Number of protein chains: 2
Amino acid sequence: MTDNGHCGHGKETTEMQKMCISIVPIFNHLEPSEMNEIVKHTNSVSHPRGHTIYHEGDTSDGLYIVHKGRVKIYRLSENGKEQLVRILEPGDFTGELSLFNETVHDAYAEAMGKVELCVMNRDDFQSFLVKYPAISLKVLGEFSNRLAKTEKQAARIAMETTDTRIAMYLADLSEEENSSQVKLPMTRKDLASHIGTSPETISRKLTEFEEAGWIRQLSQREIEILDMDALLLV
Amino acid sequence: MTDNGHCGHGKETTEMQKMCISIVPIFNHLEPSEMNEIVKHTNSVSHPRGHTIYHEGDTSDGLYIVHKGRVKIYRLSENGKEQLVRILEPGDFTGELSLFNETVHDAYAEAMGKVELCVMNRDDFQSFLVKYPAISLKVLGEFSNRLAKTEKQAARIAMETTDTRIAMYLADLSEEENSSQVKLPMTRKDLASHIGTSPETISRKLTEFEEAGWIRQLSQREIEILDMDALLLV
DNA sequence: GCGAAAACTTGACGGGGGTCAAGGTTTCAT
DNA sequence: ATGAAACCTTGACCCCCGTCAAGTTTTCGC
């Protein structure tokens, strides 16, 4: 894998960086002049599909804001198995964990396709937090959402059966997309690692659900939910 | 269950409230005068063992700071099984999840013994955040710690075997207490729900570990770790 | 301190689901 | 467009561990 042959660094496209800042919830409430000030402190970076953005064990180099594309955050267990923590969409950010306690990253970030990021270094970000307290409130809100989501996720994996976890995942997806027809945002393997099961089991359960008449598999990644209530009763 | 027969409300003991504020990491860095200002906006509350401090579904009424005693935060799954999310020690706080997004609590808080709390209402807390940005940074640090811990926990439950999870729990405890002799802070039932297994399995695994010579069970709640390395190899 | 209630341990049993394997399908880089 | 690599599905096997039950020990309110 070439190291960063595809990684453009620098400020050649301030326009792009500006757009980047303006779409992020934690910054987009600021005055244009304030945004401009922030834009000056970011760099644009691009990564090709499959490229690792940061490694477990890297020291924190800052805040990563996704501009285009998607980023997969995952961990590796002792025995080398990977667990998908979450997927970043444009407007999401990461790197925060090590921003506030001077620790190393404890997860990996990998580009799921071609990805464009805006990067701000740790010290600059912290001084913006002090200068514009409203940003802190936004970040706190974001953290508290993620915390709630992660705690819910942990509780599910710990207490629910595999059927229920898969059903609940579909339900969440359907709610997010406001549609009874959902598109899985990842492979069976990643989904399995996310909800704590195996790809084979996901295949089997989805087939069962289809045979029971609760869903229809339109294609590998697309599923139509026919009977949500039955689905959630296991 | 009597509703709040044991719950003292009011400001009869400002001294206690002051102490309460002064031991919390998110406030104890402030000037004495600033702390006094904050103390004025808190109320002391006491709960007896087993008393529920807030229910799932309650609307947020503020920030709870533990002064004395311990508080158990747990969730209930669809089928009524409980999962222990975490335990609050003196100096810890909760209620944050709903402080930043106007949502209802999605967990329960229960006094594990006699507990004394300081409570601050949502609006007051938010205005202190704006007035003293340093508090936000502290809260952000705390959130980021909890997020890291929770994500790690979710990954473990999803990917590791039961043996490994129990071993890792003991290892964490030993590290926290800086001692090879650890005291379990909860019952087998709660521990089981926390790490995603059953009380019976915990009993059995601990016996296995002891027979293998890796630990010694001094009493039900006290365990001496004899061979940490072997333990972590499963 | 004492008695009841909660917590813990041990045994037996059964099923859910993880793993390995093999064959079919989709994706993607060239 | 095309071949290789990644992904998905289905089958067979079997073991881990959740559950139920019964007996023992510890905890705690009075």
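Note: the structure precedes this text.
Now for a look at the structure at hand. The structure presented is a predicted model; accordingly, all values stated were derived computationally and were not measured.

Scoring rules and cut-offs
Residues numbered from 1 in each chain as written. Chains lettered and ligands numbered in written order. Predicted model: local features only at pLDDT ≥ 70, side-chain atom pairs only at ≥ 80, totals over all residues. Heavy atoms only, no water. Contact = heavy atoms within 4.5 Å. Buried area = accessible area lost by both parts, 1.4 Å probe. Salt bridge = Lys/Arg side-chain N within 4 Å of Asp/Glu carboxyl O. Polar contact = N/O pair within 3.5 Å; in protein donor to acceptor, adjacent residues only side chain to side chain. Helix = DSSP H or I, 4+ residues; strand = E, 2+ residues; numbered from the N terminus. Nonpolar A, V, L, I, M, F, W, Y, C, P; charged D, E, K, R; others polar. Buried < 20%, exposed > 50% of the residue type's maximum accessible area, 1.4 Å probe, protein only. Near = heavy atom within 4 Å.

## Some words on the interface of chain B and chain A
Piece 1. Contact with chain B, which involves 40 residues of that partner, is made by 40 residues of chain A.
Piece 2. Across the chain B/chain A interface, buried area totals approximately 3,700 Å², and carbon plus sulfur atoms make up 69% of it.
Piece 3. Considering only the side of chain B, the residues that lose the most area to chain A are B:Leu140, B:Glu151 and B:Met159, jointly responsible for 18% of the buried surface there.
Piece 4. On the surface where chain B and chain A come into contact, there are 4 salt bridges.
Piece 5. Where A:Arg86 meets B:Glu151, a salt bridge forms, and the shortest distance between an N and an O atom there is 3.3 Å.
Piece 6. Taken together, chain B and chain A are joined by 4 residue pairs in polar contact (both at pLDDT 80 or more).
Piece 7. Put simply, the parts of the chain that give the side of chain B that touches chain A at least two residues each are β5 (82–88), α3 (97–100), α4 (122–131) and α5 (133–159) of chain B.
Piece 8. Ranked by the residues each element gives to the side of chain B that touches chain A, the list is headed by α5(B), at 20 residues.
Piece 9. For the side of chain B that touches chain A, a count of residues per class yields 18 nonpolar, 11 polar and 11 charged.

## Description of helix α7 (residues 188–195) of chain A
Residue and element names in this part refer to chain A.
Piece 1. Most of α7 sits out of view: 7 of its 8 residues are buried.
Piece 2. All buried positions along α7 are accounted for by Arg 188, Asp 190, Leu 191, Ala 192, Ser 193, His 194 and Ile 195.
Piece 3. Phi turns positive one or two residues past the end of α7, at Gly 196, with a value near 75°.

## Remarks on the pattern of salt bridges
Between side chains of opposite charge, a pair can form as their charged atoms come close.
Piece 1. Evaluated as defined, the whole model comprises 22 salt bridges over all chains.
Piece 2. Between A:Lys131 and A:Glu37 there is a salt bridge, with its nearest N and O atoms 2.7 Å apart. Here A:Glu37 lies in helix α2 (residues 32–39) and A:Lys131 lies in helix α4 (residues 122–131), a separation of 94 residues in the sequence.
Piece 3. For A:Arg146, the salt bridge goes to B:Glu151, with nearest N and O atoms at 3.4 Å. You can see A:Arg146 sitting in helix α5 (residues 133–159) and its partner B:Glu151 sitting in helix α5, one on each of two chains. In this pair, the class of A:Arg146 matches that of B:Glu151, namely buried.
Piece 4. The network of salt bridges with shared partners includes A:Lys72, A:Glu82 and A:Asp190.

## As for the protein's contact with DNA strand D
Piece 1. Contacts to DNA strand D come from 21 residues, most closely from A:Arg188, A:Ser203, B:Thr162, B:Thr197 and B:Arg204.
Piece 2. In the environment of DNA strand D, a base nitrogen lies 3.0 Å from a nitrogen or oxygen atom belonging to the side chain of A:Arg204.
Piece 3. The separation between a phosphate oxygen of DNA strand D and a polar side-chain atom of B:Thr201 is 3.1 Å.
Piece 4. Sorting the residues of the surface near DNA strand D by element identifies α7 and α8 (199–211) of chain A together with α6 (162–177) and α8 (199–211) of chain B as the ones contributing at least two each.
Piece 5. Residue composition of the surface near DNA strand D, grouped by class: no nonpolar, 10 polar and 11 charged.

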